[in-house]
Amino acid sequence: MKTTGITRRIDELGRIVIPKEMRKTMHIKAGELLEIFLSDTQTISLKKYIAISKNEEFISSFIKALANKVNANVFVTNTDEVVFTNVCTLSNVSLSADFENNALKGTLKDLKLTNDYKLNKSYKVFPISPNGDLSGYLVFEGADSNLKSHDELIKFSISFLESYFEYA
């Protein structure tokens, strides 16, 4: 464990403030969930909670089948990186800094998904919010006509992913 030299006092309600520098380094925003672990009787560890994790082979297969069906590139992200996609070179690649700020606006012609990959075709971005907490995004990149004709399948996919990750 790395020592930072930072100390914080616990208040009367048992709360502690995580220093801004640490929150920024770990990309922890207000309202996000943290997992709490007891390593031993003297150590408490905090870990950023990520509902959408890479360890789901079933979801990977689902995303590849969905991409085939809608004839578009499909990406499932958590709040930090691309987790599942039919574009092999983008799996486990960090999201660009401006993706989350601009993703749901849908107004940018060339939205940067990662630092090296722009969504330069027509694209649609949908939030994935199991339990009402934003956990990531479902992104479709392809012809608008393809996505409109598969509107019900896309709605089902969002609902399915939210339900699946709600209990993950």
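Here the structure is shown first, and the text comes after it.
Residues numbered from 1 in each chain as written. Predicted model: local features only at pLDDT ≥ 70, side-chain atom pairs only at ≥ 80, totals over all residues. Heavy atoms only, no water.

### Description of the overall build of the chain
Part 1 of the reasoning: Across its full length, the chain carries 5 helices and 8 strands.
Part 2 of the reasoning: For the chain, the α and β elements follow one another from N to C terminus as α-β-β-α-β-β-α-β-β-β-β-α-α.
Part 3 of the reasoning: Here the chain holds 168 residues, and 34% of them are scored as buried.
Part 4 of the reasoning: Intrachain contacts of the chain at a sequence separation of at least 6 include 40% that bridge at least 24 residues.
Part 5 of the reasoning: Accessible area for the chain stands at about 10900 Å²; split by element, carbon and sulfur atoms hold 52% of it. (Helix = DSSP H or I, 4+ residues; strand = E, 2+ residues; numbered from the N terminus. Buried < 20%, exposed > 50% of the residue type's maximum accessible area, 1.4 Å probe, protein only. Contact = heavy atoms within 4.5 Å. Areas by Shrake-Rupley, 256 points an atom, 1.4 Å probe, with all protein chains shown as cover.)

### Structural notes on the pattern of salt bridges
Part 1 of the reasoning: Summed over the entire model, instances satisfying the criterion amount to 3 salt bridges.
Part 2 of the reasoning: Residues Asp151 and Lys155 are paired through a salt bridge, measuring 3.5 Å at the closest nitrogen-oxygen approach. Of this pair, Asp151 and Lys155 both sit in helix 5 (residues 151–166), 4 residues apart, which is roughly one turn of the helix.
Part 3 of the reasoning: Its relative accessible area of 36% is what places Asp151 among the partly exposed residues.
Part 4 of the reasoning: Classification of Lys155 as partly exposed rests on a relative accessible area of 47%.
Part 5 of the reasoning: As a salt-bridge pair, Glu152 and Lys155 come within 3.9 Å of each other at their nearest N and O atoms. One end of the pair is Glu152 and the other is Lys155, both in helix 5 and 3 residues apart, which spans about a single turn. (Salt bridge = Lys/Arg side-chain N within 4 Å of Asp/Glu carboxyl O.)

### Remarks on the pairing of strand 2 (residues 43–48)
Part 1 of the reasoning: Where strand 1 (residues 34–40) and strand 2 come together, 6 bridges link them in antiparallel fashion. Opposite Ile36, over in strand 2, you have Leu46 as the bridge partner.
Part 2 of the reasoning: The turn joining strand 1 and strand 2, which pair antiparallel and follow one another in sequence, is formed by 2 residues. (Pairing = 2+ DSSP bridges.)

### A closer look at the environment of Asp40
Part 1 of the reasoning: Residue placement: Asp40 occurs in strand 1.
Part 2 of the reasoning: A polar atom in the side chain of Asp40 sits 2.7 Å from the backbone nitrogen of Gln42.
Part 3 of the reasoning: A polar contact of 2.9 Å, which involves the side chain of Asp40, links it to the backbone nitrogen of Thr43. (Polar contact = N/O pair within 3.5 Å; in protein donor to acceptor, adjacent residues only side chain to side chain.)

### A word on the sheet that holds strand 7 (residues 123–128)
Part 1 of the reasoning: Pairing is antiparallel in the open sheet, where 4 strands are placed in the order 4-3-8-7. Taken across any chain shown, the strands that pair with only one partner, and hence form the sheet edges, are strand 4 (82–85) and strand 7. Strand-to-strand, the axes of this sheet are offset by a mean angle of 20°, without reference to chain direction.
Part 2 of the reasoning: Here 3 bridges tie strand 3 (residues 73–77) to strand 4, and the two strands are oriented antiparallel to one another. In the strand pairing of strand 4, Thr77 is matched with Val82. (Axes fitted to C-alpha atoms, helices over the stretch in contact; angles between N-to-C directions.)

### Here we look at the nonpolar core
Part 1 of the reasoning: Ranked by internal contacts, the top residues of the largest apolar core, which has 18 residues, are Ile63, Val74, Val76, Phe84, Leu138, Phe140 and Leu161.
Part 2 of the reasoning: Looking at this core, the elements that each hand over two or more residues are helix 2 (57–70), strand 3, strand 4, strand 8 (136–141) and helix 5.
Part 3 of the reasoning: The element best represented in this core is helix 2, accounting for 6 residues.
Part 4 of the reasoning: Apart from the residues within four sequence positions on either side, Val74 is in contact with Ile63, Leu66, Ala67, Phe84, Thr85, Asn86, Leu138, Val139 and Phe140.
Part 5 of the reasoning: Counting residues in each nonpolar core, the second largest holds 15 residues, with Phe99, Tyr117, Val125 and Tyr137 among its members. (Core = buried A, V, L, I, M, F, W, Y, C linked by side-chain atoms within 4.5 Å.)

### Notes on the layout of surface pockets
Part 1 of the reasoning: Approximately 930 Å³ is the volume attributed to the largest pocket.
Part 2 of the reasoning: Listed by contribution, the elements that provide at least two residues to the lining of the largest pocket are helix 1 (20–25) and strand 2.
Part 3 of the reasoning: Per element, the largest residue contribution to the lining of the largest pocket is 6 residues, and it comes from strand 2.
Part 4 of the reasoning: Here the residues of the lining of the largest pocket are counted per class, giving 13 nonpolar, 9 polar and 5 charged. (1 Å grid on protein atoms, 1.4 Å probe; cavity = no way out; pocket = protein on both sides within 12 Å on 5 of 7 lines; lining within 4 Å. Points joined across faces, edges and corners; volume = space filled by probe spheres on them. Nonpolar A, V, L, I, M, F, W, Y, C, P; charged D, E, K, R; others polar.)

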